[in-house]
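Fold and contact review
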Amino acid sequence: MAEQKKVRFIIERQDGPNENPYTQEFEVDYRPGLNVVASLMEIQKNPVTVDGKRVPPPVWECNCLEKVCGACMMVINGRAQQACCALVDNLTQPIRVQPARTFPVIRDLLIDRSVMFESLKRIHGWVEVDGTWDNKDAPIQNPYTAETCYELSHCMTCGCCLEACPNVGPQSDFIGPAPTAQTLLFNLHPLGKFDAPKRLNALMEKGGITSCGNSQNCERVCPKSIKLTQHLAQLNREVNKQALRNMFNH
């Protein structure tokens, strides 16, 4: 009988927010179509390291397992990506799994994404609809606007782009590509456009779009292939126009 093929993982672990990281190695049985999340589930069921030591099971976050929610984002072999669609067959072994340290680490691979949601509050990432008027027909959008909004609406707030961006972190106040690009989504909305000046003014503040270094790393790692570089360039033009309007209004 042929020997069962194994897949080796090196997992970077951390027992708490203020603890030092360390690594542990595990092996799981290989099977076709195996991905990183399924491998972590196998390790969770039997958390024994390659040297035979039983340890607490690794902690991570996942939800949909279909590349929709963005929850299972982590750094796999040095690249920020979704663990649910990271196939073992496409990865070099041993597979090194780390938390996305652009964000505070809660434990092991579990991170706190609160900073992204606070940034969405900053750019007013919603449409003011109170439902007090009769609106029988949906607002009409031209095809370009509808296509752009559809693409931007795929953002999962997973954080891949923030992890890959060299301007996001303690060295900068940049809020990151995802929250910045969402400004365009809501500004293009037929009702959201009424708050466009508020959003554009927020992007003029410290940590706004001027902190983007145009490295384009964000677009390379986006699991939804959103053209972030193009959208951020468009936003930059809109911010400059708003700055001119502010000058004339004063």
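Described in the following lines is the structure provided in the data block. (Residues numbered from 1 in each chain as written. Predicted model: local features only at pLDDT ≥ 70, side-chain atom pairs only at ≥ 80, totals over all residues. Heavy atoms only, no water.)

1. Things to note about the overall build of the protein chain
Each helix and strand in the protein chain was counted, giving eight helices and nine strands. Along the three orthogonal principal directions, the C-alpha set of the protein chain runs to about 75 × 40 × 35 Å. Counting over 250 residues, the protein chain shows a buried share of 44%. Taking the contacts inside the protein chain whose residues are at least 6 apart along the sequence as the reference set, 61% of them involve residues at least 24 apart. (Helix = DSSP H or I, 4+ residues; strand = E, 2+ residues; numbered from the N terminus. Buried < 20%, exposed > 50% of the residue type's maximum accessible area, 1.4 Å probe, protein only. Contact = heavy atoms within 4.5 Å.)

2. So, empty space enclosed by the protein
Under the defined criterion, the tally for this structure stands at three cavities of 30 Å³ or more. What the largest cavity holds in volume is close to 120 Å³. Lining the largest cavity are 14 residues, with C155, C158, C161, A178 and C222 sitting closest to its centre. Secondary-structure elements contributing two or more residues to the lining of the largest cavity are α4 (160-164) and α5 (177-188). (1 Å grid on protein atoms, 1.4 Å probe; cavity = no way out; pocket = protein on both sides within 12 Å on 5 of 7 lines; lining within 4 Å. Points joined across faces, edges and corners; volume = space filled by probe spheres on them.)

3. Here's the deal with the nonpolar core
Counting 38 residues, the largest nonpolar core has M73, F103, L162, L203, L228 and L235 as the members making the most contacts within it. Elements supplying a minimum of two residues to this core: β3 (73-76), α2 (114-122), α3 (143-152), α4, α5, α6 (196-204), α7 (217-221) and α8 (228-249). Element by element, the count of residues in this core is highest for α5, at five residues. In contact with L162, not counting residues within four places along its chain, are T102, F103, M116, V168, I175, G176, P177, A178 and P179. In this structure, A38, L91, V97 and L109 belong to the second largest nonpolar core, which totals 24 residues. (Core = buried A, V, L, I, M, F, W, Y, C linked by side-chain atoms within 4.5 Å.)

4. Remarks on the pattern of salt bridges
For the coordinates displayed, the defined rule picks out 13 salt bridges. For the salt bridge of D173 with K206, the shortest nitrogen-to-oxygen distance reads 3.3 Å. Linking D173 in strand β9 (residues 172-173) with K206 in the loop between α6 and α7, this pair joins segments that are 33 residues apart in sequence. With a relative accessible area of 44%, D173 lands in the partly exposed category. The exposure class assigned to K206 is exposed, which follows from its relative accessible area of 67%. Via salt bridges that share partners, R8, E25 and E27 belong to a single interconnected network. (Salt bridge = Lys/Arg side-chain N within 4 Å of Asp/Glu carboxyl O.)

5. Some words on the side chain of Q182
Within the secondary structure, Q182 sits in helix α5. In terms of polar contacts, Q182 uses its side chain to reach the backbone carbonyl oxygen of L152, at 3.2 Å. Discounting residues that sit within four places of it in the chain, Q182 has contacts with L120, I123, L152 and C155. (Polar contact = N/O pair within 3.5 Å; in protein donor to acceptor, adjacent residues only side chain to side chain.)

6. Points about the pairing of strand β5 (residues 95-98)
Only one face of β5 is covered, namely the one carrying I95 and V97; the face carrying R96 and Q98 has none of its residues buried. As paired strands, strand β1 (residues 6-13) and β5 are joined by three bridges and run parallel to one another. Looking at the pairing, I11 lines up with V97 of β5. As judged from the two bridges shared by β3 and β5, these two strands associate in the antiparallel manner. By the bridge assignment, V75 is partnered in β5 with Q98. (Pairing = 2+ DSSP bridges.)

7. What to know about the environment of Q4
Relative to the elements of secondary structure, Q4 occurs in the segment before β1. Using a relative accessible area of 39% as the deciding quantity, one classes Q4 as partly exposed. When the C-alpha atoms of Q4 and V28 are compared, they prove to be 9.8 Å apart, with 24 residues separating the residues in sequence. Apart from residues no more than four positions distant in its own chain, Q4 is found in contact with D29 and Y30. At a separation of 3.0 Å, a polar atom in the side chain of Q4 contacts the main-chain carbonyl oxygen of Y30.

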